[in-house]
Amino acid sequence: MTVKTPQQETDLDLQGGLNRESKDAFTVANAEMSTSSVSKGCFVFKPSCKKKKTVSLEDHFSHGCEGAENSETRFKLCQDLWDKIKTDTEVLQDELNRKILDSLLDFTRKCSSTRLHSDWASQMRASEIPTAALVLGVNVPDHDMTFQSLSDLLQQSVTPHVASVQAKECGALKHLMKKVLERLMDTVVTVDDEEEDEAEQTSAQLHKSVHCSLSTLCDWYNTKTKKSNSGTPGKKRCSPGRDEPQQPPVVIIFKDLEAFNPRVLQDFILICSRYIERLPLMFIFGIATSPSTIQHMLPHSVSSLLCIELFQSLSCTQHLATVIDKLILTPQFPFKLNGKVMQVLMSIFLYHDFSVRNFIKGVQLALLEHFHSQPLSVLCCRKKEAVLNVMQLSHRNLERIRHLPSFKRYVEKQEPQEQVNLLTDDTRLKVVCQKLIKGLRKYHKNYYPVLRCLHTLTSSLPRYPLGKQVRELHLICLEKHVWENEDYQTAMKLLKMLAKDELIALLQRCVEILQPVKSKKMKAALVLLKDLLTRFKQLDTVAAETPPCAEDCITSPVKDLQKKTDLFQLQKTLLEMNESRRAKKLSPFEVLRNEALEFIDSLVKSHLSPPESQTLNEVCYYTSSATVRRHLNATPRTSIQAALSSPYYYLQNESLKTEDGSVSNAAPDICIAYKLHLECGRLINLYDWLEAYATVVSAAEGNNPDSFGKVDEVKHARFIQAVSELEFLGFIKSTKQKTDHVARLTWGGC
């Protein structure tokens, strides 16, 4: 029998307790966590944090959606159209930027090969840093996409060593140098005078970090090029051209040159010029305004170190015209914008940012809003899908169709019995809707070719009566009947003054526009237009065969003008001359010209009616311009003032609801402080402001009236926070004109 000491008994009790706890924990672990461990001991399992239920895009779309019964179909159609718009615009932008990007690639290849030549001129040129000044325009939001494409192409075909930097991350020279080295070498770079929390860095990061200097970059570049040269030992160099891929240039892209600190840029260029013989550097300057920016930022002593070549990208207006032509003025996309929405998007583009990217985002926003708010947008798809979707419409959606303004106008034009059938028989309504959907598609197929033909004829006229861009003519046609416009009448009169060669050239371009269109009406119009062109070309042969007529057009009233006459006789003579000119026989060219213009006028009147005149246009056209303006052209100050003056509008708390427009004493502190500051003048006494605030808050808390106006530490802290927030929002600022006063900055609050 063994005797246990008290210490041993304690140890055994502790061990038994631990074993019991471990068994319990093990049981729980097996039951809940399915652990495979069989060892004895204490197992601690941290409670699993509850995963937030992620809402899918479809659920988010369906939430608050009008007509939720077909929201799934509408979401799929919206997503397909969204992806189609995104893909097509990316392809289009790549095509538009291809020319300028190819020129930049040729420039980089040419500059890298210059270093290999031995003549004196090439050596002098090699002592300078090759620099491409890329003028992109003021549409700054579009620049990122261009630089991303340029960087990808350079890395694919010219050099793997490309670094892009922005001004906001390069406030000082050391930061600029660090960003360049980190993006070229793909490693951590340390700066000598930086005392950032190095203790928090891992040993691996400290081991990989390198010194921030261009000599380090030179050593790294030499190591890289030696590795690439030794990678193909069997190949011998036969000519200097073979070395070109062996020594790729190091390209540094300055995305926003105007925003850089000129001193930082100058110092960086001076340092880089010292290493140009060891390192094949190359700069690309992204310029938004004018090439003269380089002269303003860099003195001659610095700019002389650069070999600058200018590159001009396509203007943003030309870019937008191409996007509108391919994205909006086409029957391929069933989704359309009405005139007011189009005008809002154009105004934001022309008067705010010139950004094609933001314009496309506006179109996507309108697309999303249309499918979310319009239950009948389930018919906004391709013709075959739309015809099938009509047969699947519920009775509720059919009633929505009956309430559409365009459909009501259509019903009013029908026979009485047909009106009854359309309003009561769902089957008949579905058949008619299929016919109307097909008619709407035919309208779009005929509308856009005729629109382009009319633009072709009128865009070169003096003073551009119908606009210089096709989008301007499109906006006119969206709003009203274009042929009722005075500018249209002016344009037709000017077309009647065109010479034969000019008119034939314009009609030939119209033939080219109508050639690829498959619509039956457009094919018939194409045949007639070709016949007119043939008759125009035959006029020369007909005129050569016809003998000239005798010049008997000079009438006696003209001779009478040489005699003395009174006012009555002169007026009578002029009227006779006017009548004789009207009665004068038109030439064959004038007759044919009038016939051609009458044919164009008939095309316009047949196919350029506004979309509102088409039945079921509400299915495809988005009309809420106010929603687009509210989302894209936001007014933050107005919104902030509305929130501070009427917090109930945003918080939807019944205790904040007031009738007379005043702020409830239960409102947030910043709302109370804001409302009190509106009652003050230019300078606000902080102590008076604090007392007034404390009085309002005390009333809200239901304190004893005797304690009103008394300030404790909590109220004081809340007041200071509210004042600080108002200062951050720009409503007040500190002032030295008076002690314990602040200056008010805004007037005319809500």
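Residues numbered from 1 in each chain as written. Predicted model: local features only at pLDDT ≥ 70, side-chain atom pairs only at ≥ 80, totals over all residues. Heavy atoms only, no water.

Visitor: With reference to specific residues and values, describe the overall build of the chain.
Guide: In terms of helices and strands, the chain carries 33 helices and 12 strands. A burial count over the chain gives 41% of its 750 residues as buried. A separation of at least 24 residues holds for 70% of the contacts in the chain among residues at least 6 apart in sequence. (Helix = DSSP H or I, 4+ residues; strand = E, 2+ residues; numbered from the N terminus. Buried < 20%, exposed > 50% of the residue type's maximum accessible area, 1.4 Å probe, protein only. Contact = heavy atoms within 4.5 Å.)

Visitor: Can you lay out the layout of surface pockets for me, pointing to particular residues and giving the numbers?
Guide: Rolled over the atoms, a probe as big as a water molecule pinpoints where empty space is left. The calculated volume of the largest pocket comes to roughly 1200 Å³. Every residue lining the largest pocket is counted, 34 residues in all, and those nearest its centre are T330, P331, Q332, F333 and K445. Those elements that place two or more of their residues in the lining of the largest pocket are α3 (71-114), α12 (316-327), α15 (383-391), α19 (426-458) and α23 (520-537). Across the lining of the largest pocket, the residue classes tally to 13 nonpolar, 5 polar and 16 charged. (1 Å grid on protein atoms, 1.4 Å probe; cavity = no way out; pocket = protein on both sides within 12 Å on 5 of 7 lines; lining within 4 Å. Points joined across faces, edges and corners; volume = space filled by probe spheres on them. Nonpolar A, V, L, I, M, F, W, Y, C, P; charged D, E, K, R; others polar.)

Visitor: Kindly report on empty space enclosed by the protein, identifying the contributing residues and their values.
Guide: Per the counting criterion, the structure on display carries 4 cavities of 30 Å³ or more. The computed volume of the largest cavity comes to approximately 180 Å³. Mapped by element, the contributors of at least two residues to the lining of the largest cavity are α3, α5 (143-157) and α12. If one sorts the elements of the lining of the largest cavity by residue count, α5 sits on top with 3 residues. For the lining of the largest cavity, a count of residues per class yields 5 nonpolar, 7 polar and 2 charged.

Visitor: Now, about the pairing of strand β2 (residues 162-165): what can you tell me, with residues and values included?
Guide: Alternating positions in β2 separate into two faces, V162 and S164 on one and A163 and V165 on the other, with burial throughout. The pairing of β2 with strand β5 (residues 250-254) spans 4 bridges and is parallel. Across the sheet, A163 pairs through a bridge with I252, a residue of β5. (Pairing = 2+ DSSP bridges.)

Visitor: Break down the sheet that holds strand β10 (residues 683-685) for me, citing the residues and quoting the values.
Guide: Sheet strands pair by backbone hydrogen bonding; their relative direction is either parallel or antiparallel. Across the sheet, 3 strands lie side by side as β10-β12-β11; this open sheet has antiparallel pairing. The sheet terminates laterally at β10 and β11 (732-734), the two strands that pair on one side only. With direction set aside, neighbouring strand axes in the sheet form an average angle of 40°. Note: β10 against strand β12 (residues 741-744), 3 bridges, orientation antiparallel. Within β12, the position partnered with L683 by the bridge is A743. The strands touched by helix α32 (residues 686-701) within the sheet are β10, β11 and β12, with β10 carrying the most contacts at an inclination of about 60°. (Axes fitted to C-alpha atoms, helices over the stretch in contact; angles between N-to-C directions.)

Visitor: I'd like a description of the packing of helix α13 (residues 339-353) against helix α28 (residues 625-632), backed by residues and values.
Guide: The interhelical angle for the contact between α13 and α28, taken along N-to-C directions, is 20°, at an axis separation of 8 Å. When the interaxial angle is binned, α13 and α28 end up roughly parallel. Relative to α28, α13 is oriented so that their crossing is right-handed. Contacts from K340, V341, V344, L345 and I348 of α13 reach α28 at S625, V628, R629 and L632. (Parallel < 35°, antiparallel > 145°, perpendicular 65-115°, else oblique. Left-handed = near helix turned anticlockwise from the far one by under 90°.)

Visitor: Describe the environment of V341, listing the residues and the values that go with them.
Guide: In this fold, V341 is placed in helix α13. Of the residues examined, V341 reaches a relative accessible area of 0% and is grouped as buried. Expressed as a C-alpha distance, the spacing of V341 and T623, which sit 282 residues apart in the sequence, is 6.3 Å. Look past the residues within four positions of V341 in its chain and what remains in contact with it is Y622, T623, S624, S625 and V628.

Visitor: Outline the state of the cysteines, listing residues and values.
Guide: Scanning the entire structure with this criterion turns up 0 disulfides. Unpaired in terms of disulfides, C381 finds its nearest cysteine sulfur in C380, a separation of 7.1 Å. (Disulfide = S-S within 2.5 Å.)

Visitor: Could you give an account of the packing of helix α29 (residues 636-645) against helix α31 (residues 669-677), with specific residues and numbers?
Guide: Two elements in contact, α29 and α31, have axes whose closest approach is 8 Å; the angle formed by their N-to-C orientations is 100°. Taken together, the axes of α29 and α31 are roughly perpendicular relative to one another. The segment α29 lies against α31, with Q641, A643, L644 and S645 engaging I670, C671 and Y674. When grouped by side-chain class, the residues that make up the contact of α29 with α31 number 5 nonpolar, 2 polar and no charged.

Visitor: Which residues make up the pattern of salt bridges, and what are the values?
Guide: Counted under the stated rule, the structure contains 16 salt bridges. Linking D267 and R263 is a salt bridge whose minimum nitrogen-to-oxygen distance equals 3.6 Å. Of this pair, D267 and R263 are both found in helix α9 (residues 262-274), 4 residues apart, which corresponds to roughly one turn of the helix. On the accessibility criterion, R263 (52% relative accessible area) is exposed. (Salt bridge = Lys/Arg side-chain N within 4 Å of Asp/Glu carboxyl O.)

Visitor: Describe a nonpolar patch on the surface, and please don't skip the residues or the numbers.
Guide: A contiguous nonpolar patch, built from L567, L570 and L574 and spanning about 290 Å² of accessible area, is present on the exposed surface. Secondary-structure assignment places L567 in helix α26 (residues 567-583). (Patch = residues over 30% accessible without salt bridge, like charges linked within 9 Å, V, L, I, M, F, W, Y side chains within 5 Å. Areas by Shrake-Rupley, 256 points an atom, 1.4 Å probe, with all protein chains shown as cover.)

Visitor: Could you give an account of the packing of aromatic side chains, naming the residues involved and the relevant values?
Guide: All told, the structure shown has 17 aromatic pairs when counted by the stated rule. With a centroid separation of 5.4 Å and an interplanar angle of 75°, the aromatic rings of F254 and F260 are classed as edge-to-face. Taken together, the ring pairs connect F254, F260, F268, F283 and F285 into an aromatic cluster. (Phe/Tyr/Trp six-rings, centres within 6.5 Å; stacked < 30°, edge-to-face > 60°.)

Visitor: Before we move on, could you go through a positive patch on the surface and cite the residues and values that matter?
Guide: Taken together, the side chains of K383, K384, K438, K442, K445, K518, K520, K521 and K523 make up a positively charged region of the molecular surface. Breaking the positive patch down by element, the ones donating at least two residues are α15, α19 and α23. As for its placement among the helices and strands, K438 is situated in helix α19. Judged by relative accessible area, which is 38%, K438 ranks as partly exposed. (Lys, Arg positive; Asp, Glu negative; His and termini not counted. Charge placed at Lys NZ, Arg CZ, Asp CG, Glu CD.)

Visitor: With reference to specific residues and values, describe the side chain of N389.
Guide: Summarising the element assignment, N389 is placed in helix α15. For N389, a relative accessible area of 14% corresponds to the buried category. Sequence-distant contacts of N389, defined by excluding residues within four places in its chain, comprise L77, V378, L379 and C381.

Visitor: Summarise helix α27 (residues 588-607); cite the residues concerned and give the values.
Guide: In this model, α27 (20 residues) spans 29 Å end to end at C-alpha, consistent with the 28 Å of a helix rising 1.5 Å per residue. F589, L592, R593, A596, L597, F599, I600, D601, L603, V604 and H607 are the residues of α27 that are buried. (Expected span 1.5 Å × (residues − 1).)

Visitor: Talk me through the pairing of β5; I want residue IDs and the actual numbers.
Guide: Across the 5 residues of β5, 5 count as buried, placing the element largely inside the fold. Because side chains alternate across β5, one face comprises the buried residues V250, I252 and F254, and the other comprises V251 and I253, equally buried. Direction of pairing for β5 relative to strand β6 (residues 281-287): parallel, over a ladder of 5 bridges. Looking across to β6, one finds that F254 is bridged to F285.

Visitor: Residue-level account of the sheet that holds strand β1 (residues 129-135), with values.
Guide: One open sheet accounts for 5 strands, arranged β2-β5-β6-β1-β7; its pairing is parallel. Two strands in the sheet have a free side with no partner beyond their single neighbour: β2 and β7 (306-312). Pairwise comparison of adjacent strand axes, ignoring direction, gives a mean angle of 20° for this sheet. Strands β1, β2, β5 and β6 of the sheet are contacted by α5, whose axis makes an angle of about 180° with β5. On top of the sheet, α9 reaches β1, β5, β6 and β7; it is set at about 160° to β6, its chief contact.

Visitor: Any chance you could break down helix α33 (residues 713-729) for me, citing the residues and the numbers?
Guide: With 17 residues, α33 extends 24 Å from end C-alpha to end C-alpha; this agrees with the ideal 24 Å at 1.5 Å per step. Turning to α33, its buried residues are K715, F719, A722, V723 and L726. Here the buried residues of α33 occupy an arc of 100° about the axis, which is enough to place them on one side. Counted as exposed and oriented over 90 degrees from the buried face of α33: E713, V714 and F728. Where α33 is buried, its residues touch α29, α31, α32 and β11. Downstream of α33 by a residue or two, G730 has a phi angle that is positive, lying close to 90°. (Arc of directions from axis to C-beta.)

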